[in-house]
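Each chain, written out:
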Amino acid sequence: MKKDVNKKQVVNPWEVYGDINYDKLIKEFGVSPLKDLPSVFNENILFRRKVIFAHRDIQRILEAVKNKKPFVMMTGLMPTGKFHIGHSIIAQQMIFWQSLGAKIYIAVADLEAYNARGQSLEESIKIAIEEYILNYIALGLKPKNCEIYFQSERSNNAEKSNAYYKLQNLLSRYATFNEFKAVYGEISPGKMLSALLQASDMLHPQLPEFENQIPVIVPVGIDQDPHLRLARDISQRIKNPKFIQLSSTYNLFLPGLNGGKMSSSDPTSYISLTEDPKEVEKKIKKYAFSGGQATIEEHRKLGGNPDIDVSFQYLKMLFEPDDKKLAKIEQDYKSGKLLTGELKEILIKKINDFLKEHQKAREQAKKQLDKFLIK
Ligand code: TRP
């Protein structure tokens, strides 16, 4: 059964549940649909297939790319639980922006995990390295022009570190309590500080101790937009230092195996990047929500529905980069020629081929780790 249907939609930085209506979110949050991108973007399947579907102020970044001017890609990760295929959507964007010439800033949100999830800082370090950073490297992130830091330990360089924490404090003067309530709903002191620290994450690359004023693109899941709204608003109120307005892009959530949310706290909802091939097969066969019909006869007659079929969605969003092959699978599934079991076999093979290479690369990545961590 598909979980979570008919539940009220809740999407904010601390909670995501219910059936997600992206058109409604575009309107409610006031982000813009993403269209008419230069051709390099269409070489990337996340952009081409509208997995990245909305933005704020991306024009400034497109200009920087076109004119070969410097810009920063800044994003962050909450180091909790297993790194799963849903997380690889952000990782691929980091690598893509890096290939376009962006300087990369990545925040490990260990203080946010401490405040919002009750997780110790020690646990966060372990998970950040084992689950996130090693996978980023294995997926293709390069050490050149890339800084990965922990929120609890910005830098060993005191001037840089001071500037980052100072900014969080300076920004607080430009936000009101009512604004916090309006943006986040329920708010605690810890969450308020996390929001301000995230604002500093996104804005500090523009400080003189870092890159100076520079265009910054922040790719995130749509649940993070409240943080962007707040940071964008206060960044224009503070006059010293001055900030170029933040740009951002928003990606869809990869559906969980059961059609609801993919969540690191529920192993039946995800495929992790360290998953064993037998386990992948078992999980897809047992849990992947199918848009097919109840019996083979009915399926042959009526066909399946790829739009709600999780296996098809995984092929579309991640694992079948060839548009022609994907279109054929879609057609055959709709016509009833391709059965759910056959569709699942295609996906299992794709995922396991990918994981085999990836897991080798992840072992190699261990040797490179030092080059990525803050100095
Ligand atoms: N709040 C983000 C999350 O829950 C993590 C994060 C921290 C972040 N700082 C950031 C994301 C800066 C984007 C930009 O995943």
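Residues numbered from 1 in each chain as written. Predicted model: local features only at pLDDT ≥ 70, side-chain atom pairs only at ≥ 80, totals over all residues. Heavy atoms only, no water.

Digging into the sheet that holds strand β7 (residues 146-150)
For step 1, the next point in the chain: The strand order across the open sheet formed by seven strands is β3-β4-β9-β8-β5-β6-β7, and the pairing between neighbours is mixed. The strands lining the two open edges of the sheet, one partner per strand, are β3 (32-33) and β7.
For step 2, the next point in the chain: Summarising the sheet, strand β5 (residues 72-77) and strand β6 (residues 103-108) pair through six bridges and their orientation is parallel. Counted as the bridge partner of V72 is K103 from β6.
For step 3, the next point in the chain: Contacting β5, β6 and β7, helix α7 (residues 121-139) crosses the sheet at an angle of about 160 degrees to β7. (Pairing = 2+ DSSP bridges. Helix = DSSP H or I, 4+ residues; strand = E, 2+ residues; numbered from the N terminus. Contact = heavy atoms within 4.5 Å. Axes fitted to C-alpha atoms, helices over the stretch in contact; angles between N-to-C directions.)

Some details on the site of the ligand
For step 1, the next point in the chain: Looking at the ligand, there are 14 residues lining it, with G76, E112, Q198, D201 and Q224 nearest.
For step 2, the next point in the chain: In the model, a nitrogen atom of the ligand is placed 2.8 Å from a nitrogen or oxygen of the D201 side chain.
For step 3, the next point in the chain: Contact distances for the ligand include 2.9 Å between a nitrogen atom and a side-chain N or O atom of Q224.
For step 4, the next point in the chain: Cavity membership is defined here by more than half of the atoms lying within 2 Å of grid points; on that basis the ligand lies in the largest pocket.
For step 5, the next point in the chain: Top contributing element to the shell around the ligand by residue count: β5, with four residues.
For step 6, the next point in the chain: Of the residues in the shell around the ligand, the class split is seven nonpolar, five polar and two charged. (Near = heavy atom within 4 Å. Polar contact = N/O pair within 3.5 Å; in protein donor to acceptor, adjacent residues only side chain to side chain. 1 Å grid on protein atoms, 1.4 Å probe; cavity = no way out; pocket = protein on both sides within 12 Å on 5 of 7 lines; lining within 4 Å. Sits in = over half its atoms within 2 Å of the grid points. Nonpolar A, V, L, I, M, F, W, Y, C, P; charged D, E, K, R; others polar.)

Here's the deal with unusual backbone geometry
Negative phi values dominate among residues other than glycine, just as trans dominates among peptide bonds.
For step 1, the next point in the chain: Following N240, the chain continues into P241 via a peptide bond in cis, with omega recorded as 5 degrees.
For step 2, the next point in the chain: Relative to the elements of secondary structure, P241 occurs in the loop between α11 (225-237) and β9 (247-251).
For step 3, the next point in the chain: Although it is not a glycine, K50 sits at a positive phi angle of roughly 60 degrees.
For step 4, the next point in the chain: Among the secondary structure elements, K50 is positioned in the loop between α3 (45-48) and β4 (52-56).
For step 5, the next point in the chain: Residues other than glycine seldom take positive phi values, yet N212 does so here, at roughly 70 degrees.
For step 6, the next point in the chain: Looking at the element boundaries, N212 is found in the loop between α10 (189-203) and β8 (216-221).
For step 7, the next point in the chain: Judged by its relative accessible area of 41%, N212 falls in the partly exposed class. (Buried < 20%, exposed > 50% of the residue type's maximum accessible area, 1.4 Å probe, protein only.)

Some points on the pairing of β8
For step 1, the next point in the chain: Of all six residues that make up β8, six are buried, and the element is covered over most of its length.
For step 2, the next point in the chain: Every second residue of β8 is oriented toward a common face, with V216, V218 and V220 on one face and I217, P219 and G221 on the other, all of them buried.
For step 3, the next point in the chain: Sheet topology places β5 next to β8; two bridges connect them, and they run parallel. When the bridges of β8 are listed, V72 appears paired with V216.
For step 4, the next point in the chain: Read as a crossover between parallel neighbours, the route from β8 over α11 to β9 is right-handed. (Right-handed = clockwise from strand over helix to strand, strands pointing away.)

Considerations on helix α14 (residues 310-319)
For step 1, the next point in the chain: When you tally the buried positions in α14, you get nine out of 10 residues, the bulk of the element.
For step 2, the next point in the chain: Here α14 has its buried residues at V310, S311, F312, Q313, Y314, L315, M317, L318 and F319.
For step 3, the next point in the chain: Considering only its buried residues, α14 is in contact with α3, α5 (88-99), α12 (277-287), α15 (323-335) and α16 (340-368).
For step 4, the next point in the chain: Between a side-chain oxygen at the N-terminus of α14 and the backbone nitrogen of S311 the separation is 3.0 Å; the capping residue is D309.

Observations regarding the domain arrangement of the chain
For step 1, the next point in the chain: Looking at the assigned domains, one finds that the chain contains domain 1 (10-253) and domain 2 (268-362).
For step 2, the next point in the chain: Inter-centroid distance (C-alpha atoms) of domain 1 to domain 2 is 31 Å.
For step 3, the next point in the chain: Contacts between domain 1 and domain 2 engage 19 residues on the former and 20 residues on the latter.
For step 4, the next point in the chain: A combined buried area of about 1,700 Å² lies between domain 1 and domain 2, and 64% of that area is made up of carbon and sulfur atoms.
For step 5, the next point in the chain: Joining domain 1 to domain 2, the criterion identifies three salt bridges.
For step 6, the next point in the chain: Measuring nitrogen to oxygen at the nearest pair gives 2.6 Å for the salt bridge that ties R49 to D323.
For step 7, the next point in the chain: At the level of elements, α3, α5 and α7 are the ones that each hand at least two residues to the side of domain 1 that touches domain 2.
For step 8, the next point in the chain: With five residues, α7 is the single largest residue contributor to the side of domain 1 that touches domain 2. (Domains from an automatic or database assignment. Buried area = accessible area lost by both parts, 1.4 Å probe. Salt bridge = Lys/Arg side-chain N within 4 Å of Asp/Glu carboxyl O.)

Notes on the pattern of salt bridges
For step 1, the next point in the chain: On inspection of all chains with the given rule, the structure shows 21 salt bridges.
For step 2, the next point in the chain: Residues joined by salt bridges that share partners form a network here, namely K103, E147, R154, K160 and E211.

Things to note about the packing of aromatic side chains
For step 1, the next point in the chain: If you walk through the whole model with that rule in mind, you get 15 aromatic pairs.
For step 2, the next point in the chain: The interplanar angle of 80 degrees and the centroid separation of 5.8 Å between the aromatic rings of F83 and Y136 together place this pair among those described as edge-to-face. Note that F83 is positioned in the loop between β5 and α5 and Y136 in helix α7, a separation of 53 residues in sequence. Residues F83 and Y136 agree in their burial class; the two are buried.
For step 3, the next point in the chain: One aromatic cluster is present, formed by F41, F47, F71, F96 and W97 through successive ring pairs.
For step 4, the next point in the chain: For the cation-ring pair, R229 lies above F29, with the distance from its terminal atom to the ring centre recorded as 4.7 Å. (Phe/Tyr/Trp six-rings, centres within 6.5 Å; stacked < 30°, edge-to-face > 60°. Lys NZ or Arg CZ within 6 Å of the ring centre and 35° of its normal.)

A closer look at the layout of surface pockets
For step 1, the next point in the chain: Taken as a whole, the largest pocket encloses approximately 1,100 Å³ of empty space.
For step 2, the next point in the chain: Looking at the largest pocket, it is lined by 47 residues, and the ones nearest its centre are H87, D223, Q224, F253 and K261.
For step 3, the next point in the chain: Listing elements by their share of the lining of the largest pocket, those giving two or more residues are β2 (15-17), β5, α5, α6 (110-117), α7, α10 and β8.
For step 4, the next point in the chain: Counting residues per element, the lining of the largest pocket draws most heavily on β5, at four residues.
For step 5, the next point in the chain: Of the residues belonging to the lining of the largest pocket, the class tally is 20 nonpolar, 18 polar and nine charged. (Points joined across faces, edges and corners; volume = space filled by probe spheres on them.)

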